[in-house]
Amino acid sequence: MFRVKTLMFLLLVQACAVMAQEPEYRAKNYPDGGGLMYDGYFIGDKPVSITRYFEDGRISSVQQFDADGNSTIVIYTVGATPYAEGAYKGKKRDGVWRFFSPKDGHPVILITYNNGVKDGQYMEYFDNGVALDSMNYSADKIDGERVKCFINGQKQAVINYKAGVLDGAYISFSDDGSKVVEGVFSEGVRDGVWRFYDNDGSVTEYKFKKGHCKKYEEFLKKESAEADIDRHIAEPSFESIQ
């Protein structure tokens with residue numbers, strides 16, 4: 001028991017000593033006589049805060065660390081406009097990340113991460129702040145209802161997913177709110193009756209059974225731009241900060 005208590009006491013003393021250490025300022029320049037690459041404060045080999053710089057001297061990112069090595073960061077464009085802000089759990093993105101237009105700084109994309117993978121709310125925005133695309137991710141896959149909108153805020157499409165696969169009701173609209181296409185996906189393929197609502201008020205139906213339709217070629221010709229149900233979502237890229 002005495003040895004255990006002694007060990008605990010020594011660990012406590014060591015922890016207090018580390019906590020009591022004053023942060024040490026460090027800096028590094030770009031090679032070949034270049035300007036400041038980064039500077040910051042460290043306790044031992046653990047960073048407390050780091051500011052990185054472009055070669056012309058403007059700030060490229062500001063990162064603050066906690067005692068566990070997790071951090072928050074703001075990343076800037078060359079024009080000194082914030083480009084992204086978020087948090088890291090170790091070296092993996094975690095929590096809500098926000099990306100901004102390098103042109104004027106308005107919000108462009110919001111992504112929720114859990115230990116490096118998309119998990120939670122995902123949003124894209126038009127320049128006027130209206131949500132262009134919104135959905136939920138679970139373990140890096142779209143899950144549940146996805147809503148795409150026109151720039152006026154009117155819904156463009158409502159699409160359902162299950163673990164990244166199209167599954168459930170699908171409806172697309174024109175920018176005046178009227179229906180354009182309506183149908184159902186089942187495990188990634190069209191199933192049941194799909195309807196096209198024409199401008200003259202007529203309705204054209206196509207019957208699917210597990211992805212198969214006798215008039216499939218006709219269906220494809222009729223399918224309009226509003227029925228683009230699976231546009232690729234590109235996440236913004238930026239140079240590694242680790």
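Residues numbered from 1 in each chain as written. Predicted model: local features only at pLDDT ≥ 70, side-chain atom pairs only at ≥ 80, totals over all residues. Heavy atoms only, no water.

Here we take up the overall build of the chain. Regarding its fold elements, the chain presents two helices and 17 strands. The long-range fraction of contacts in the chain, counting pairs at least 24 apart against all pairs at least 6 apart in sequence, stands at 17%. In the form shown here, the chain has an accessible surface area of approximately 14,900 Å², with 54% of it arising from carbon and sulfur atoms. (Helix = DSSP H or I, 4+ residues; strand = E, 2+ residues; numbered from the N terminus. Contact = heavy atoms within 4.5 Å. Areas by Shrake-Rupley, 256 points an atom, 1.4 Å probe, with all protein chains shown as cover.)

This brings us to the pairing of strand S8 (residues 107–114). Residues in a regular strand point their side chains to alternate faces of the sheet. Pairing of strand S7 (residues 92–100) with S8, which is carried by six bridges, proceeds in the antiparallel orientation. Counterpart to Val-96 in the pairing with S8 is Thr-112. Adjacent in sequence and paired antiparallel, S7 and S8 are bridged by six residues, among which Gly-105 carries a positive phi angle near 85°. The sheet contact formed by S8 and strand S9 (residues 117–125) spans five bridges and is antiparallel. (Pairing = 2+ DSSP bridges.)

Our next topic: the environment of Ser-174. Along the chain, Ser-174 turns up in the loop between strand S14 (165–173) and strand S15 (179–186). Sequence-wise, Ser-174 and Lys-155 are 19 residues apart; in three dimensions their C-alpha atoms are separated by 8.1 Å. Those residues in contact with Ser-174 that sit more than four places away from it in its chain are Phe-150, Gln-154, Lys-155 and Val-180.

What follows concerns unusual backbone geometry. Positive phi, close to 50°, is recorded for Ala-163, a residue that is not glycine. For Ala-163, a relative accessible area of 43% puts it in the partly exposed group. Despite not being glycine, Lys-210 shows a phi value in the positive range, around 50°. Within the secondary structure, Lys-210 is located in the loop between strand S17 (203–208) and helix H2 (216–222). According to the relative accessible area criterion, Lys-210 is exposed, its value standing at 65%. (Buried < 20%, exposed > 50% of the residue type's maximum accessible area, 1.4 Å probe, protein only.)

With 84% of its residues at a pLDDT of 70 or more, the chain has an overall mean of 85. pLDDT under 50 marks residues 1–18. Its contacts with residues more than four places away, or in other chains, come to one contact. Scored below 50 in pLDDT, residues 229–242 shows 44 contacts in the model against residues more than four places distant or in partner chains. (pLDDT = per-residue confidence, 0-100.)

With that out of the way, let us pick up the packing of aromatic side chains. The full count for this structure, using the stated rule, is 16 aromatic pairs. With 5.7 Å between their ring centres and 55° between their planes, Tyr-122 and Tyr-137 make a pair best called tilted. With Tyr-122 in strand S9 and Tyr-137 in strand S10 (residues 131–138), this residue pair connects regions lying 15 residues apart in the sequence. Tyr-137 carries the same exposure label as Tyr-122, and that label is buried. Where Phe-185 meets Trp-194, the ring centres are 5.1 Å apart and the plane angle is 80°; that geometry is what we call edge-to-face. Of the two residues, Phe-185 and Trp-194, neither departs from the other in class, the shared state being buried. It is Arg-190 that lies over the ring of Trp-194; its NZ or CZ is 5.0 Å from the centre. (Phe/Tyr/Trp six-rings, centres within 6.5 Å; stacked < 30°, edge-to-face > 60°. Lys NZ or Arg CZ within 6 Å of the ring centre and 35° of its normal.)

This paragraph deals with the pairing of strand S6 (residues 82–89). Both strand S5 (residues 71–76) and S6 contribute to a ladder of six bridges, which runs antiparallel. Counted as the bridge partner of Ile-73 is Gly-86 from S6. Linking S5 to S6, which pair antiparallel, is a turn of five residues; within it Ala-80 sits at a positive phi near 70°. Where S6 meets S7, five bridges bridge the pair, whose relative direction is antiparallel. Bridging from a neighbouring strand, Tyr-88 pairs with Arg-93 of S7. Remark: two residues form the turn of the hairpin made by S6 and S7, two consecutive strands paired antiparallel; Gly-90 in that turn has positive phi of roughly 70°.

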